Amino acid sequence: QVQLVESGGGSVQAGGSLRLSCAASTSGTAFSINAMYWYRQTPGKARELVAKVAGEGSTRYSDSAKGRFTISRDNAKNTVYLQMHSLKPEDTAVYYCNADVVIDGFQYDYWGQGTQVTVFS
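Presented here is an overview of the structure given in this document. The numbers attached to residues start from 1 for each chain and follow its sequence in the written order. Restriction of local features to residues with pLDDT of at least 70 applies here, the model being predicted, together with a cutoff of 80 or more for giving and counting side-chain atom pairs; totals for whole chains, interfaces and linings are based on all residues. Based on all heavy atoms of the structure, the side-chain values leave hydrogens and waters out of the count.

## Let's talk about unusual backbone geometry
Then step 1. For Asn78, which is not a glycine, the phi torsion comes out positive at approximately 50 degrees.
Then step 2. Only DSSP runs of H or I covering at least 4 residues are called helices, and only runs of E covering at least 2 are called strands; the numbering of each starts at the N terminus. By the element assignment, Asn78 lies in the loop between strand S7 (69-74) and strand S8 (79-84).
Then step 3. Even without being glycine, Asp104 reaches a positive phi, approximately 50 degrees.
Then step 4. Relative to the helices and strands, Asp104 resides in the loop between strand S9 (93-103) and strand S10 (106-111).
Then step 5. A simple rule labels every residue: compare its accessible area, found with a 1.4 Å probe on the protein chains alone, to the largest value its type can have, and call it buried under 20%, exposed over 50%, or partly exposed in between. Residue Asp104 is classed as exposed on the basis of its relative accessible area, which comes to 72%.

Shown next, in the form of structure tokens:
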């Protein structure tokens, strides 16, 4: 099995920055990763896509993230990052990483446990 472990959440004043990380690891199974994503969710709302980075590095952002957030990946470390600047109170949410993991030629959908981001004014 593959595990995704997020880190970097916390509380920050509006206008501040945070960097989230999500590392994929396994106890021995060989795997590769296609696209990696960051989602976020607030209570009572559906999980929404924030950003995506494809295997070859192309990126896509939600309208709310464009110009403020940057997604990147380090394939050697099986890690995806989300650099967030100019944070707003409405960015407060639990942030989840998601990855399309390939094992033995089959693609599986894996999620991290989530990390809380709180932006206070």
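## Describing the environment of Phe120
Then step 1. Along the chain, Phe120 turns up in strand S11 (residues 115-120).
Then step 2. It is 39 Å that separates the C-alpha atoms of Phe120 and Phe31, two residues lying 89 residues apart in sequence.
Then step 3. Throughout, a residue-residue contact means that at least one pair of heavy atoms, one from each residue, lies within 4.5 Å. Residues in contact with Phe120, not counting those within four places in the same chain, are Ser11, Val12, Gln13 and Ala14.

## Some remarks on the pattern of salt bridges
Then step 1. Counted as salt bridges are all cases of a side-chain nitrogen of Lys or Arg within 4 Å of a carboxyl oxygen of Asp or Glu. Under the counting rule described, the total for this entry stands at four salt bridges.
Then step 2. Between Glu48 and Arg40 there is a salt bridge, and its shortest N-O distance comes to 2.7 Å.
Then step 3. For Glu48, a relative accessible area of 35% corresponds to the partly exposed category.
Then step 4. The partner of Asp91 in a salt bridge is Arg40, with the nearest N and O atoms 2.9 Å apart. Note that Asp91 is positioned in the loop between S8 and S9 and Arg40 in strand S4 (residues 32-41), a separation of 51 residues in sequence.
Then step 5. For Arg40, a relative accessible area of 6% gives the class buried.
Then step 6. Bridged by salt links that share partners, the residues Arg40, Glu48, Arg68 and Asp91 form one connected network.

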